[in-house]
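Below, each chain spelled out in residue letters.
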Amino acid sequence: MTKIIVLIPHYNNFEDLILSIKSINESINVDILIVDDGSNSSVPVKSELENFYQHGKIFLDILEENKGIEFALNRGLELIESMDYEYIGRLDSGDFCIKDRFKKQISYLETNKDTYLLGTWVNVINADKELSYVLKHPISYNEIKKKMFTNSMFVHPSVVFRKSILKNVGYYPTNYKAAEDYAFFFRIVNNYKSENLPEALLNYVIDDKSISSTKRKLQVKSRIRVILYNFRFGFYPIYGLVRNVLLYFISRKTSHNIKRIFRA
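Residues numbered from 1 in each chain as written. Predicted model: local features only at pLDDT ≥ 70, side-chain atom pairs only at ≥ 80, totals over all residues. Heavy atoms only, no water.

Just give me the short version of the overall build of the protein, but keep the residues and values in it.
Counting its secondary structure elements, the protein contains eleven helices and nine strands. Here the C-alpha coordinates of the protein stretch approximately 50 × 40 × 35 Å along the principal axes. Classification of the 264 residues of the protein by burial places 52% in the buried group. In the protein, the share of contacts with a sequence separation of at least 24, taken over all contacts with a separation of at least 6, comes to 79%. Here the protein has roughly 12600 Å² of accessible surface; of this, 52% comes from carbon and sulfur atoms. The averaged location of the 30 negative side-chain charges in the protein is 8 Å from the averaged location of its 37 positive side-chain charges. (Helix = DSSP H or I, 4+ residues; strand = E, 2+ residues; numbered from the N terminus. Buried < 20%, exposed > 50% of the residue type's maximum accessible area, 1.4 Å probe, protein only. Contact = heavy atoms within 4.5 Å. Areas by Shrake-Rupley, 256 points an atom, 1.4 Å probe, with all protein chains shown as cover. Lys, Arg positive; Asp, Glu negative; His and termini not counted. Charge placed at Lys NZ, Arg CZ, Asp CG, Glu CD.)

As structure tokens, this is what we get:
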């Protein structure tokens, strides 16, 4: 039985989609669901995609029009809920898995039954395809719960979570544009033990065309709204709110450079 299906949203990025699929190199079966968000060019063809993948089945769902990544993700979750899988993994077009990434995450979740969401550290790759730094988010649940008020403590395409949580937390919120993952993960962290593996299992590419770059101000604004929704008096909620208000006025490039200096 295949226990995991990996959800990949896609929009007008067929070349990177193929590269991301080919990066999934596992010694277990891993199925893939690709939801195309109404691409107007380079629309995926299932038979062509299958030529590039040898580790499981590929499912393809094509939306009639472009509605945004949160809607593509929710369409994927809706389809997966009716399928026989225990775990849902994430990957984005343009990001690349390290060998046996999903096997390692599932092995941890099988051993730690009280953990419901599991991310990993990631190698941050710059525009020149060079390693910029290793992003090491907190490992322990207690630290994650506190620091969620500053930013998401998970790299979205690095996570695997138990499908069963959807009955309680629902799908990705659609009212936090460009920060739907932050709102979704906050909801999970509030209800379930969530952790990160202390190993870089994903090459995460910083792209000038990504949502974090092209919709930065909208993303930070939505993040502030998520913080306010979950707000309680304490150091981290106050610090996180102030920090994100300041980030609203700083470019992503400047923010990225500051992070790299402090991680050097």
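Go over the packing of aromatic side chains, please, and point to the residues and values.
Evaluated as defined, the whole model comprises eleven aromatic pairs. On the basis of an interplanar angle of 5 degrees and a centroid distance of 5.7 Å, the ring pair of Phe 235 and Tyr 239 is categorised as stacked. Here the residue Phe 235 and the residue Tyr 239 both occupy positions in helix 10 (residues 235-247), the gap between them amounting to four residues, near one helical turn. Residue Tyr 239 is classed as partly exposed on the basis of its relative accessible area, which comes to 39%. Here the aromatic residues Phe 154, Phe 161, Tyr 172, Phe 184 and Phe 185 are joined through ring pairs into a cluster of three or more. Here the guanidinium or amino end of Lys 67 rests over the ring plane of Phe 71, the centre of that ring lying 4.7 Å away. A cation over an aromatic ring shows up here: Arg 162 above the ring of Tyr 116, its NZ or CZ 5.4 Å from the ring centre. (Phe/Tyr/Trp six-rings, centres within 6.5 Å; stacked < 30°, edge-to-face > 60°. Lys NZ or Arg CZ within 6 Å of the ring centre and 35° of its normal.)

Give me a nonpolar patch on the surface: which residues, what numbers.
Taken together, the side chains of Phe 233, Ile 238, Val 242 and Leu 246 present a nonpolar region at the surface, about 450 Å² in accessible area. Note that Leu 246 resides in helix 10. (Patch = residues over 30% accessible without salt bridge, like charges linked within 9 Å, V, L, I, M, F, W, Y side chains within 5 Å. Salt bridge = Lys/Arg side-chain N within 4 Å of Asp/Glu carboxyl O.)

A description of the environment of Ile 165 should follow, citing residues and the corresponding values.
Along the polypeptide, Ile 165 turns up in the loop between strand 8 (160-162) and helix 6 (166-169). Taking the relative accessible area as the measure of exposure, Ile 165 reaches 0% and is therefore buried. With 84 residues separating them along the chain, Ile 165 and Glu 81 place their C-alpha atoms 11 Å apart. Setting aside residues up to four positions removed in sequence, Ile 165 forms contacts with Tyr 116, Gly 170, Ile 188 and Tyr 192.

Quick one: what's the story with the packing of helix 9 (residues 216-229) against helix 10, residue by residue and with numbers?
Put simply, helix 9 and helix 10 touch, their axes get as near as 9 Å, and they point 160 degrees apart. The orientation of helix 9 with respect to helix 10, classified from their angle, is roughly antiparallel. Handedness of the helix 9/helix 10 crossing: left-handed. Touching Arg 216, Val 220, Arg 223, Ile 224, Ile 227 and Leu 228 of helix 9 are Pro 237, Gly 240, Leu 241, Asn 244, Val 245 and Leu 247, all from helix 10. (Axes fitted to C-alpha atoms, helices over the stretch in contact; angles between N-to-C directions. Parallel < 35°, antiparallel > 145°, perpendicular 65-115°, else oblique. Left-handed = near helix turned anticlockwise from the far one by under 90°.)

Limitation: the analysis is restricted to geometry and does not speak to function.
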